[in-house]
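Residue-level structure breakdown
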Amino acid sequence: MGRLVSDDGKLLRQPVGAEREFIQNETLLSKIDFRHWAENYCCLKLSGGGMGLWKPWGSQELCMERVARIEEREWARKDRGEVVVGIRVMLHKARQLGLTSWSRMMLMHGLFFSRHIGALSASIGLAEIG
């Protein structure tokens with residue numbers, strides 16, 4: 001059948017059969033499972049240099065567990081017919097916990113796999129004026 005993708009990442013031909021099924025499966029799984037997408041497809045600049053796939057830190061695991069609890073609570077509210085406000089998190093954080101990269105990955109995941117949404121990601125820095 002031959003190669004599907006060139007060295008520069010372009011399709012050499014249309015996927016067929018099992019290739020197409022694999023792509024459809026990975027697309028759906030990535031849409032519904034942040035962790036799957038992040039660990040298999042999200043490339044980050046590594047602190048030691050170069051690029052690589054995400055490997056969650058303990059601090060990021062704790063935040064994901066908290067967000068999962070909030071998500072479950074919101075689904076329960078929806079099921080009861082109550083107002084759902086969604087998942088809103090503000091991180092007042094110490095440095096070097098990997099939470100900026102994690103939150104940006106969460107944001108990008110939502111943008112990649114959802115329609116009709118916008119997003120803002122910002123950092124606040126203090127500067128002395130004068």
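Residues numbered from 1 in each chain as written. Predicted model: local features only at pLDDT ≥ 70, side-chain atom pairs only at ≥ 80, totals over all residues. Heavy atoms only, no water.

1. Section: a nonpolar patch on the surface
Taken together, Met108, Leu111, Phe112 and Ile117 make up a surface patch of nonpolar side chains, about 340 Å² in accessible area. As for its placement among the helices and strands, Phe112 is situated in helix H4 (residues 99-113). (Patch = residues over 30% accessible without salt bridge, like charges linked within 9 Å, V, L, I, M, F, W, Y side chains within 5 Å. Areas by Shrake-Rupley, 256 points an atom, 1.4 Å probe, with all protein chains shown as cover. Salt bridge = Lys/Arg side-chain N within 4 Å of Asp/Glu carboxyl O. Helix = DSSP H or I, 4+ residues; strand = E, 2+ residues; numbered from the N terminus.)

2. Observations regarding the nonpolar core
Judged by nonpolar contacts, Phe34, Trp37, Ala38, Cys42, Leu44, Trp54, Cys63, Met64, Val67, Leu99, Trp102 and Met105 together constitute the single largest core of 12 residues. Residue assignment for this core shows that the elements contributing at least two residues are helix H2 (34-41), helix H3 (58-79) and H4. Once residues within four sequence positions are removed from consideration, Trp37 is found in contact with Ser30, Cys42, Met105, Met108, His109, Phe112 and Phe113. (Core = buried A, V, L, I, M, F, W, Y, C linked by side-chain atoms within 4.5 Å. Buried < 20%, exposed > 50% of the residue type's maximum accessible area, 1.4 Å probe, protein only. Contact = heavy atoms within 4.5 Å.)

3. A few points about unusual backbone geometry
For His116, which is not glycine, the phi dihedral falls at a positive 60°. If you trace the backbone, His116 turns up in the segment after H4.

4. Some words on the layout of surface pockets
Estimated volume of the second largest pocket: approximately 420 Å³. What lines the second largest pocket is a set of 18 residues, among which Lys45, Ser47, Trp57, Gly98 and Ser101 lie closest to the centre. The set of elements that each furnish at least two residues to the lining of the second largest pocket consists of strand E1 (43-45) and H4. Sort the elements by how many residues they give to the lining of the second largest pocket and H4 lands first, with three residues. Residue composition of the lining of the second largest pocket, grouped by class: eight nonpolar, six polar and four charged. (1 Å grid on protein atoms, 1.4 Å probe; cavity = no way out; pocket = protein on both sides within 12 Å on 5 of 7 lines; lining within 4 Å. Points joined across faces, edges and corners; volume = space filled by probe spheres on them. Nonpolar A, V, L, I, M, F, W, Y, C, P; charged D, E, K, R; others polar.)

5. Points about the packing of helix H1 (residues 17-32) against H2
As a packed pair, H1 and H2 sit with axes 5 Å apart at the nearest point and diverge in direction by 120°. Regarding the angle of H1 to H2, the classification is oblique. Here Phe22, Glu26, Leu29, Ser30 and Ile32 of H1 come into contact with H2, specifically with Phe34, His36, Trp37 and Tyr41. Residue composition of the contact of H1 with H2, grouped by class: six nonpolar, two polar and one charged. (Axes fitted to C-alpha atoms, helices over the stretch in contact; angles between N-to-C directions. Parallel < 35°, antiparallel > 145°, perpendicular 65-115°, else oblique.)

6. Comments concerning the pattern of salt bridges
Inspection of the entire model under this criterion finds eight salt bridges. Here Arg35 and Glu39 are joined by a salt bridge, their closest N and O atoms 3.0 Å apart. Taken as a pair, Arg35 and Glu39 lie in helix H2 at a separation of four residues, close to a single helical turn. Relative accessible area serves as the criterion here: at 28%, Arg35 is assigned to the partly exposed category. A salt bridge links Glu82 to Arg80, with the shortest nitrogen-to-oxygen separation between them at 2.8 Å. The partly exposed category is assigned to Glu82, whose relative accessible area is 39%. Residues joined by salt bridges that share partners form a network here, namely Arg35, Glu39 and Glu61.

7. Here's the deal with H3
Taking 1.5 Å of rise per residue, the 22 residues of H3 would be expected to cover 32 Å, and the 32 Å separating its terminal C-alpha atoms lies within 8% of that figure. Where H3 is buried, its residues touch H2 and H4. (Expected span 1.5 Å × (residues − 1).)

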